[in-house]
Amino acid sequence: MSFSRRAFVKTVGLGGVAAFSGSYIPRTYELPEFWTAELLAQERPLLLHNNENPAGPGERALAAARSTLGEGGVGVGRYAMSSPETNEAGLRRAIADRFGVAPGNVILGLGSTQVLRTAVQAYTSSTKPLVTATPTYEECTQYAELIGSAFTEIGLNDKMQLDLDEMAAAAREGAGLVFLNNPNNPTATIHGEDAVMGFIDDVLTASPDTTILVDEAYHDYATDPNHRSQIPTAVKNPRVLAARTFSKAHGMAGFRVGFGIAHEDMVQELMPWHSRMTLNTLGIAAAKVSILDTGRLEAESVRNTEARQFTIDWFKNAGFDATDSQTNFIFVNTGMAAQEFRDGARENGVAVGRNFPPYEKDWARISIGTMDEMRQAVEVFAKVLRINATAAA
Ligand SMILES: Cc1ncc(COP(=O)(O)O)c(C=O)c1O
């Protein structure tokens, strides 16, 4: 494949789009629309737009953060590395213990965003493209564009899953990095273990220098037994990196902690690109406890599954299709333009997800809140979609 600075677009699969854009001019930076003062000024808007955890961190994690703050906040007057409770080595050890790996297999990040960006920085260039999907989580694509790396976006298959065959075909042509978001944001779909392992095998057999980044941000919310983490593969295979975050099931988006697990050689490759001293004292202290609080994580998954099922059932009873969500958000065919649905919901105090081309004409992403929040939200959705709420219940 040759790369030019002109964009070209070709169609792959049902409604899928594979695009290469060689634009080397960074986009003008704008705050995402959901952070407008207007929305924040609304009285207690229901925030179902960012796939956050409405319950927040577990009690143990919170207690650790509170105690780290110390009398009068003196704990945050120090750099995190000044205390054995908050230095990064301790968090790497805790994560390693949790997954039965060595601390040398763990790379920390200011959210998993930093891990994703580091991988793009280290493994892509103008001649070694990022291969990713569309729609999927856009961080890697946007960062590749910012730093002048080539990228190829592959449309989804007719089940709204990542099109692994097309992605593998694109990767074989010398990709620097493949971004595999499993479960995928925004469609909430997964590929089971066999498919993912087959894909990794395919890509690395044809293109052994390519790196595969499996983003498992929503792993703890997946309930399909076919879903498996690729952490065990990543530890063994020096070309596979698994990314995780504390922002979702751990309820710590505001603490900004994420991590990657990889072969020690890959961690060594990534470290020079990694900005240091980005993690904060409170986040490290909370994450160190949260990662080992597996009971809390299981309870959070149960809570989410119940509210997710309630919401999907409500839409299905009302005649709307939704994908089989394995995450803390759902992707629903409302039959209405995403913008119209979003504006209508927002006027009634509920924020839902943005446009996800090419599905923006009729699909919406809705994050799962508490059961009470979802009961309120469906009343609003009924109003916006002009249906009878009780008929759908
Ligand atoms: C798939 C996926 N990966 C990564 C992130 C980034 O999360 P964070 O930087 O908070 O870890 C998100 C955020 O929504 C996401 O959806």
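Residues numbered from 1 in each chain as written. Predicted model: local features only at pLDDT ≥ 70, side-chain atom pairs only at ≥ 80, totals over all residues.

Judged by nonpolar contacts, the single largest core of 69 residues is most densely connected at Met167, Val178, Leu213 and Ala286. Per-element tally for this core: the top contributor is helix 10 (residues 281-290), with six residues. In this structure valine 178 touches Val131, Met167, Ala171, Val203, Thr210, Ile212 and Leu213, once residues within four positions along its chain are discounted. The next biggest cluster of nonpolar side chains, apart from the first, holds 30 residues, and it includes Leu46, Leu48, Phe315 and Ile368. (Core = buried A, V, L, I, M, F, W, Y, C linked by C-beta atoms within 7 Å. Buried ≥ 20, exposed ≤ 12 C-beta atoms within 10 Å, placed from the backbone. Helix = DSSP H or I, 4+ residues; strand = E, 2+ residues; numbered from the N terminus. Contact = placed C-beta atoms within 7 Å.)

Below, the discussion takes up the packing of helix 12 (residues 338-347) against helix 13 (residues 371-385). In contact at an axis separation of 9 Å, helix 12 and helix 13 are set at 125° when each is read in the N-to-C sense. On the basis of the axis angle, helix 12 is oblique to helix 13. The two elements helix 12 and helix 13 cross, and the hand of that crossing is right-handed. Contacts between helix 12 and helix 13 involve Phe341, Gly344 and Ala345 from the former and Val380, Phe381 and Val384 from the latter. The residue inventory of the contact of helix 12 with helix 13, partitioned by class, reads five nonpolar, one polar and no charged. (Axes fitted to C-alpha atoms, helices over the stretch in contact; angles between N-to-C directions. Parallel < 35°, antiparallel > 145°, perpendicular 65-115°, else oblique. Left-handed = near helix turned anticlockwise from the far one by under 90°. Nonpolar A, V, L, I, M, F, W, Y, C, P; charged D, E, K, R; others polar.)

A separate point is helix 2 (residues 59-69). For helix 2, every residue scored as buried is listed here: Ala61, Ala64, Ala65 and Thr68. Buried residues along helix 2 cover an arc of 95° about the axis, so they all sit on one side. Opposite its buried face, helix 2 presents the exposed residues Glu59 and Ser67, each directed more than 90 degrees away. The inward-facing, buried residues of helix 2 contact helix 10. With its phi angle positive at about 70°, glycine 70 sits one or two positions after the end of helix 2. (Arc of directions from axis to C-beta.)

Let us look at the environment of glycine 58. Relative to the assigned elements, glycine 58 resides in the loop between strand 3 (46-48) and helix 2. In this structure glycine 58 comes out as buried when scored by C-beta crowding, with 21 C-beta atoms within 10 Å. Counting along the chain gives 194 residues from glycine 58 to methionine 252, while the straight-line C-alpha distance between them is 9.1 Å. Residue contacts for glycine 58: discarding those within four places in its chain leaves Ser290, Asp293 and Arg296.

Before going further, it helps to spend a moment on the environment of alanine 64. With respect to the helices, strands and loops of the structure, alanine 64 is situated in helix 2. In sequence terms alanine 64 and isoleucine 284 are 220 residues apart; their C-alpha atoms lie 9.4 Å from each other. Apart from the residues lying within four places of it in its own chain, the contact partners of alanine 64 are Ala285, Ala286, Lys288 and Val289.

Around the ligand lies a shell of 13 residues, among which Gly111, Ser112, Thr113, Thr245 and Ser247 are the nearest. When residues of the shell around the ligand are assigned to their parent elements, the largest contribution, three residues, is made by helix 4 (residues 111-123). Its residues placed into classes, the shell around the ligand shows three nonpolar, nine polar and one charged. (Near = placed C-beta within 6 Å.)

Attention now goes to the pairing of strand 8 (residues 211-215). Judged by how many residues are buried, strand 8 sits mostly within the fold: five of five residues are covered. Burial of the side chains of strand 8 extends over both faces: Thr211, Leu213 and Asp215 are buried on one face and Ile212 and Val214 on the other. Taken together, the five bridges between strand 7 (residues 177-181) and strand 8 define a ladder with parallel strand orientation. Paired with leucine 180 across the two strands is valine 214, which belongs to strand 8. Of the crossover connections in this fold, the one passing from strand 7 over helix 7 (residues 193-206) to the parallel strand 8 is right-handed. Sheet topology places strand 8 next to strand 9 (residues 240-245); four bridges connect them, and they run parallel. When the bridges of strand 9 are listed, isoleucine 212 appears paired with valine 240. Taken together, strand 8, helix 8 (residues 231-236) and strand 9 form a β-α-β motif whose crossover is right-handed. (Pairing = 2+ DSSP bridges. Right-handed = clockwise from strand over helix to strand, strands pointing away.)

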